[in-house]
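Remarks on the overall topology
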Amino acid sequence: MGIEVTESRNKNKRTAPASNLKAESDIPTIKEITPKNWKIVYEELREWRRNHIAPVDIMCCDKLADQHAEPEIFRFQTLVALMLSSRTRDEVTAEAMKNLHTLGTISAQRLVSMKSEVLDRCIAKVGFHRTKTRFIKATAQICLQDYGGDIPKNIGELMKLPGVGPKMAYLTLQCAWKRNSGIGVDIHVHRIANRLGWANTTSTTRTQQDLEDWLPKHLWAEVNPMLVGFGQILCGTKSPNCGLCPVANLCPSFQIPPPSRKFSSREIFIKPNAK
């Protein structure tokens, strides 16, 4: 049965042809878009991650900020760390933040007054460091002028800052403001969500939309570090270690490793209290 547009509510609108309207039976339900066995997979991954330390666990953006700084300074540093982390390994981002910390408090005021050459030298090992130098300087100026040295507290204003995209904006809200407005999807989350069948997309933006369609909102903040760490340790870009995967039996992308296969050389850190 087609979906009718009643004349009483839409006097000036023409009824769309029936051929252009989806039948009610064709509209996907929550049950249809929710991946099978996702809860089992999620809990297995969560438990596995509790016992395995990844770089993201000790070098994520809010941990690279000064934990004892004033709230607005902490938030600004969290944003800077996120801006540096794009297309850059966590270890390199951590080194760049350490370099900046040695020059004094990383604040909007200090970065505005800092010479571009000095800033660029501190972050020279991160990806696209020259571009990030310009973006960080411009962002610091905006934060100083419009937010008193603090950072915006909503997605729209965050994404107006130079070099800040959706992933960065949502993670900033979660890590700096403790606000859960959306899922931060980077290349790790995008890759693993598609491998697990949690999404079927070709872009991080579409993956975010797919995940937010069915994943309960209270899990939005934790799914990023959980999957990022899993990707850093085990489910790599080119060589997923399916033979060691805790959810291989439920993963539609499972690959049986050949006997001679060599696993990734990345070290797997086991927590001392792991069972």
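Residues numbered from 1 in each chain as written. Predicted model: local features only at pLDDT ≥ 70, side-chain atom pairs only at ≥ 80, totals over all residues. Heavy atoms only, no water.

Going by what an unreviewed UniProt entry lists, the protein chain is known as Endonuclease III homolog and is assigned to Basidiobolus ranarum. Under the UniProt heading Catalytic activity (unreviewed entry), the note attached to the protein chain is "2'-deoxyribonucleotide-(2'-deoxyribose 5'-phosphate)-2'-deoxyribonucleotide-DNA = a 3'-end 2'-deoxyribonucleotide-(2,3-dehydro-2,3-deoxyribose 5'-phosphate)-DNA + a 5'-end 5'-phospho-2'-deoxyribonucleoside-DNA + H(+)". (UniProt positions renumbered as here; feature names shortened; annotations may be inferred.)

**A short note on empty space enclosed by the protein**
Overall, the coordinates contain 1 cavity of 30 Å³ or more when judged by the stated rule. Its volume calculated, the largest cavity comes out at about 140 Å³. Phe230, Cys235, Cys242, Cys245 and Cys251 are the residues nearest the centre of the largest cavity, which is lined by 15 residues in total. Residues belonging to the lining of the largest cavity are distributed by class as follows: 12 nonpolar, 2 polar and 1 charged. (1 Å grid on protein atoms, 1.4 Å probe; cavity = no way out; pocket = protein on both sides within 12 Å on 5 of 7 lines; lining within 4 Å. Points joined across faces, edges and corners; volume = space filled by probe spheres on them. Nonpolar A, V, L, I, M, F, W, Y, C, P; charged D, E, K, R; others polar.)

**Let's talk about the nonpolar core**
By size, the foremost hydrophobic cluster in this structure holds 39 residues, and its most contacted members are Phe76, Val80, Leu84, Met97, Leu100, Leu111 and Ile123. Of all elements in the fold, only helix 4 (61-64), helix 5 (71-85), helix 6 (90-101), helix 7 (108-113), helix 8 (116-122), helix 9 (129-147), helix 10 (155-158) and helix 11 (166-176) reach the threshold of two or more residues within this core. With residues up to four places along the chain from it excluded, the contact list for Met97 reads Leu64, Gln77, Val80, Ala81, Leu84 and Ile106. (Core = buried A, V, L, I, M, F, W, Y, C linked by side-chain atoms within 4.5 Å. Buried < 20%, exposed > 50% of the residue type's maximum accessible area, 1.4 Å probe, protein only. Helix = DSSP H or I, 4+ residues; strand = E, 2+ residues; numbered from the N terminus. Contact = heavy atoms within 4.5 Å.)

**Some remarks on helix 13 (residues 204-214)**
Every buried residue of helix 13 is accounted for by Thr207, Gln208, Asp210, Leu211 and Trp214. All buried residues of helix 13 fall inside an arc of 165° around its axis, so they share one side. (Arc of directions from axis to C-beta.)

**Here's the deal with the packing of aromatic side chains**
Summed over all chains, the structure comprises 5 aromatic pairs. Geometrically, the ring pair formed by Tyr42 and Trp198 is stacked, given 6.1 Å between the ring centres and 20° between the ring planes. Of this pair, Tyr42 sits in helix 2 (residues 38-50) while Trp198 sits in the loop between helix 12 (187-195) and helix 13, and the two are 156 residues apart along the sequence. Judged by relative accessible area, Trp198 falls into the buried class, the value being 3%. Just above the ring of Trp177 sits the side chain of Arg179; from NZ or CZ to the centre is 6.0 Å. (Phe/Tyr/Trp six-rings, centres within 6.5 Å; stacked < 30°, edge-to-face > 60°. Lys NZ or Arg CZ within 6 Å of the ring centre and 35° of its normal.)

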